[in-house]
Amino acid sequence: MSISTRQTRLVLINTFYYCFFVESRLPIKKETDSAKMPKFEEKAFCCDICGKGFSYKYTLKKHIQIHTEEKLYSCDMCDKSYTTKHNLTYHIQSHTGEKPYTCDICDKSYTTKQNLTIHIRSHTGEKPYSCNVCGMSFAEQALMRIHMRMHTGERPYSCSVCGMSFGQLGIMKRHMRTHTGEKPYTCDVCGTSFAQKKTMKKHMRTHTGEKPYPCAICGKFYNTQEYLTIHIRSHTGEKPYSCEICSKSFSDSWKLTIHMQSHDVDKPYNCEVCATSFIQKSLLNKHMKKHTKTYEKAHKIIVE
């Protein structure tokens, strides 16, 4: 004897819940066979967009705001908006400077107890969240969830302009700046603006002279990891960039770009000042700065 079933069920896969419809004819089993049957954890509310399931309708409603980016709670101080009142409360602490949770080891303070707990793991080395696919461990559950998307292929955040999808909301926001031209990070010294915070940090080292990346072979210091990597190739002899015309190799891409100008290739970018041509617009822009500096020096002499 068998019964026809159609149920919405939720499978627990690597701590992630996914809804799907199961339609089958399931034979009636004895209790002794129950251990062989696949186990499902019932969830009543499923997201129509990504398939995740939830026990409560309210939790599903909060989750859907991730996809719709609906932000009902606004900050009166800076006009930033958030999907939950809870997140707004934490944000307001960035204005007030309130950080009530302090680390007993290094005295760093945090706005939430959860952030303090995560920070303490940087001292203890604890990584309680493990990926069931590849075994990687993480100090934060959020980091593991992001990592899991590498395995599942899930990309829940889509660009409204070009349709590209992303596994992380932060990456999508940075991508959006390529469309809007927004550069929210400004250098306090010279006023140059940047689309990414890490790019501004690199730029700041040109003012401070900070060089936090040392060469383990000769002890020289560099202001970016990229420059250190290029320098190390002078010790190892590695030249990963090769010319497709003459097969000559170079330690960094910039040297290859300059070399390409020695070949008879199309140079569509022309300098309006001296008529020199370049194969890339970036090379022309760099060249134009030479004219700008020459003009500024001449103007300074005239003024003086």
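Residues numbered from 1 in each chain as written. Predicted model: local features only at pLDDT ≥ 70, side-chain atom pairs only at ≥ 80, totals over all residues. Heavy atoms only, no water.

## Considering the overall build of the protein chain
Part 1 of the reasoning: Per the secondary structure count, the protein chain includes nine helices and 20 strands.
Part 2 of the reasoning: Within the protein chain, residue pairs in contact and separated by at least 24 positions form 14% of the contacts whose partners lie at least 6 positions apart.
Part 3 of the reasoning: Of the roughly 21900 Å² of accessible surface on the protein chain, a fraction of 53% belongs to carbon and sulfur atoms. (Helix = DSSP H or I, 4+ residues; strand = E, 2+ residues; numbered from the N terminus. Contact = heavy atoms within 4.5 Å. Areas by Shrake-Rupley, 256 points an atom, 1.4 Å probe, with all protein chains shown as cover.)

## Digging into the pattern of salt bridges
Part 1 of the reasoning: Tallying each qualifying case throughout the model produces five salt bridges.
Part 2 of the reasoning: A salt bridge links Glu154 to Arg149; the nearest nitrogen and oxygen atoms lie 3.7 Å apart.
Part 3 of the reasoning: Among the residues examined, Glu154 registers a relative accessible area of 14% and is labelled buried.
Part 4 of the reasoning: Between Glu226 and Lys202 there is a salt bridge, with the nearest N and O atoms lying 2.9 Å from each other. Linking Glu226 in helix α7 (residues 225-236) with Lys202 in helix α6 (residues 197-208), this pair joins segments that are 24 residues apart in sequence. (Salt bridge = Lys/Arg side-chain N within 4 Å of Asp/Glu carboxyl O. Buried < 20%, exposed > 50% of the residue type's maximum accessible area, 1.4 Å probe, protein only.)

## Structural notes on α7
Along an α-helix, residues three or four positions apart point the same way, because every turn accommodates 3.6 residues.
Part 1 of the reasoning: End to end, α7 covers 16 Å across twelve residues, agreeing with the expected 16 Å (1.5 Å per residue, within 8%).
Part 2 of the reasoning: Regarding α7, the residues found buried are Leu228, His231 and Arg233.
Part 3 of the reasoning: The inward-facing, buried residues of α7 abut β15 (213-214), β16 (221-222) and β17 (241-242).
Part 4 of the reasoning: At the exit of α7 stands Gly237, carrying a positive phi of roughly 80 degrees. (Expected span 1.5 Å × (residues − 1).)

## So, the environment of Met172
Part 1 of the reasoning: Looking at the secondary structure, you find Met172 in helix α5 (residues 169-180).
Part 2 of the reasoning: Spatially, the C-alpha atoms of Met172 and Cys159 are 6.7 Å apart, while their sequence positions differ by 13 residues.

## Looking at the environment of Ile217
Part 1 of the reasoning: The residue Ile217 is located in the loop between β15 and β16 in this model.
Part 2 of the reasoning: Taking C-alpha positions, Ile217 is 8.0 Å from Ile232, a pair spaced 15 residues apart along the chain.

## Concerning the environment of Phe45
Part 1 of the reasoning: Inspection of the secondary structure assignment puts Phe45 in strand β3 (residues 45-46).
Part 2 of the reasoning: For the pair Phe45 and Tyr58, spaced 13 residues apart in sequence, the C-alpha to C-alpha distance is 9.4 Å.
Part 3 of the reasoning: Those residues within four positions of Phe45 in sequence are excluded, and the remaining contacts are Lys52, Gly53, Phe54, Ser55, Tyr56, Lys57 and Leu60.

## What about the confidence of the model for the protein chain?
Part 1 of the reasoning: Per-chain confidence: the protein chain averages 78 in pLDDT, with 80% of residues scoring 70 or above.
Part 2 of the reasoning: In this model, residues 1-41 is a region of pLDDT below 50 whose contacts with residues beyond four sequence positions or in other chains number 71 contacts. (pLDDT = per-residue confidence, 0-100.)

## Thoughts on the side chain of Arg177
Part 1 of the reasoning: Inspection of the secondary structure puts Arg177 in helix α5.
Part 2 of the reasoning: Residue contacts for Arg177: discarding those within four places in its chain leaves Glu182, Pro184, Tyr185, Ala195 and Gln196.

## A look at unusual backbone geometry
Phi is mostly negative for residues that are not glycine, and the peptide bonds are mostly trans.
Part 1 of the reasoning: We note that Asp107 has phi near 70 degrees; this positive angle belongs to a residue other than glycine.
Part 2 of the reasoning: Topologically, Asp107 is positioned in the loop between β7 (101-102) and β8 (109-110).
Part 3 of the reasoning: For Asp107, a relative accessible area of 59% gives the class exposed.
Part 4 of the reasoning: Unlike most non-glycine residues, Ser247 shows phi in positive territory, near 65 degrees.
Part 5 of the reasoning: Tracing the sequence through the fold places Ser247 in the loop between β17 and β18 (249-250).
Part 6 of the reasoning: For Ser247, a relative accessible area of 57% corresponds to the exposed category.

## Focus on the state of the cysteines
Part 1 of the reasoning: On inspection of all chains with the given rule, the structure shows zero disulfides.
Part 2 of the reasoning: The thiol of Cys162 is not disulfide-bonded; the next cysteine sulfur, from Cys159, is found 3.7 Å away.
Part 3 of the reasoning: Free cysteine Cys218: the closest other cysteine sulfur is in Cys215, separated by 3.8 Å. (Disulfide = S-S within 2.5 Å.)

## Focus: helix α4 (residues 141-152)
Part 1 of the reasoning: Spanning twelve residues, α4 covers 16 Å between terminal C-alpha atoms, matching the ideal 16 Å at 1.5 Å per step.
Part 2 of the reasoning: All of the buried residues along α4 are Met144, His147, Met148 and Arg149.
Part 3 of the reasoning: At the C-terminal side of α4, Gly153 shows a positive phi close to 80 degrees.

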